[in-house]
Amino acid sequence: MRWQPFHNTFYMLCSALRRSLAQPARRFTTRAVEGFTGSIGNTPLIYLKALSEQTGSSIFGKAEFQNPGGSIKDRAAIGIVLDAEKKGLIKPGGTIVEGTAGNTGIGLAHVCRSKGYRCVIFMPDTQSQEKIDLLRMLGAGVYPVPAVPYENPKNYNHQAKEYAQKLDNAIWTDQFDNTANTYAHYITTGPEIWEQTEGKVDGFICSTGTGGTLAGVGKCLKEKSNGKSQIWLADPPGSVLYTYISSGGKLVERTGSSITEGIGQGRVTANLGTFINELDGALHVPDEQSIAMLYQLLDTEGLYVGASTALNVVAAVELARKLGKGSRVVTVLCDGAYRYQSRLFSKKWLQSKGLFDAVPEHLRKYTVLD
């Protein structure tokens, strides 16, 4: 009987712990899936508590960094490959070639490994070493080439196309203008967001590189909401899309640059072109705001994300303020920071870009890589 007081105390502690953890559990939405490709999608929708409380709105981020290849581009990769297979454009043992700033290439390299294809990637030589190393570790042939405008014949996309044309049983996946990219988001990402928000989406906003995510999700949400959901584009420095949309269709020459990777454009891609006339607006986000948000998300939400994700969240906050208190805004958390950490968390690198002062002083403790 001498153990009874201990037993009672232990039982009360366990009961208290259960009550403190009594939050709705995430449901398992599928049974076991087949391989890498079967695990793409069905990512969580994260309520960003601190930012929501600051704005009086509900701000959500679609956790695309939880895709098996680590980014939202897994969706485009599998969508484009499945489309090519369906059309008979690629046969077993063939080669898949793409021009990419990194994440689509990583997604394609994973898909190729799982399906038995060879993968070749052409990319701008401005991309992070982490991305290049990962592509090579996944068995892809990687060709970093000088970063030149799309109009230049030596642009990485054109070089990828020419390389594929010289091979038998090979395709250039053409992620920027292959609308299978948009369709992949129209049938997966968009419906997931609609279900996860229970059909309550006042606004969706994200940046765009190929335009597939924005166009596919936008089209889906517009249809499901009968046009009530507002769809906005977020744009970094060096891109022409904010000006294009704000001016009603005037395409200006591209100038400047951004520390964000894989987003921003100097033209309207075929993917974006499927939806651009239905956009409700666009927001321009300076690099300083993206850097500040990147550190804020780490400190207040525990989210270790890249600069394009931080830009998206800055834009989501601004859109929530435009739509007013009580609005529900969704954006995309594209990928994690581990692919960029040697830059984004380096004091020396940030100083070289004139961005160290953008990091809030109380958050500079995270700039640990020098």
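Summarised in this report is the structure supplied together with it.

Conventions and cut-offs
Residues numbered from 1 in each chain as written. Predicted model: local features only at pLDDT ≥ 70, side-chain atom pairs only at ≥ 80, totals over all residues. Heavy atoms only, no water. Pairing = 2+ DSSP bridges. Helix = DSSP H or I, 4+ residues; strand = E, 2+ residues; numbered from the N terminus. Axes fitted to C-alpha atoms, helices over the stretch in contact; angles between N-to-C directions. Polar contact = N/O pair within 3.5 Å; in protein donor to acceptor, adjacent residues only side chain to side chain. Contact = heavy atoms within 4.5 Å. Phe/Tyr/Trp six-rings, centres within 6.5 Å; stacked < 30°, edge-to-face > 60°. Lys NZ or Arg CZ within 6 Å of the ring centre and 35° of its normal. Expected span 1.5 Å × (residues − 1). Buried < 20%, exposed > 50% of the residue type's maximum accessible area, 1.4 Å probe, protein only.

Attention shifts here to the sheet that holds strand β6 (residues 170-172). Strand order in the open sheet formed by four strands is β5-β4-β3-β6, and the pairing between neighbours is parallel. The open sheet terminates on both sides in strands that have one partner only, identified here as β5 (141-145) and β6. Taking the axes of each pair of neighbouring strands and ignoring which way they run, one obtains an average angle of 15° across the sheet. Relative to strand β4 (residues 118-124), strand β3 (residues 95-99) runs parallel, the two sharing five bridges. Following the sheet pairing, Gly99 is matched in β4 by Phe122.

Another aspect to go through is the side chain of Gln265. Mapped onto the secondary structure, Gln265 falls in the loop between α10 (241-246) and α11 (270-273). Among the polar contacts made by the side chain of Gln265, one reaches the main-chain carbonyl oxygen of Gly209 at a distance of 3.2 Å. Discounting chain neighbours no more than four positions away, the residues touching Gln265 are Phe176, Gly209, Ser239, Val240, Leu241 and Arg254.

By the definition in use, this model includes seven aromatic pairs. Put simply, the rings of Phe122, Tyr143 and Tyr163 pair up and form one aromatic cluster. Over the ring of Tyr150 we find Arg267, and its NZ or CZ is 3.7 Å from the ring centre.

We now examine helix α5 (residues 103-115). Here α5 spans 18 Å end to end across 13 residues, near enough to the 18 Å set by a 1.5 Å rise per residue. The buried fraction of α5 is high, at 10 of 13 residues. Among the residues of α5, Asn103, Thr104, Gly105, Ile106, Gly107, Leu108, Ala109, His110, Val111 and Cys112 are the ones counted as buried. Contacts from the buried residues of α5 go to α2 (35-38), α4 (73-86), β3, β4 and α6 (129-137). Gly116 sits one or two positions beyond α5 and adopts a positive phi of about 85°.

In this section: the side chain of Arg267. Counting through the fold element by element, Arg267 comes out in the loop between α10 and α11. A distance of 3.1 Å separates the side chain of Arg267 from the side chain of Asp177, its partner in a polar contact. If we skip the residues at most four places from it in the chain, Arg267 touches Tyr150, Phe176, Asp177, Val240 and Leu241.

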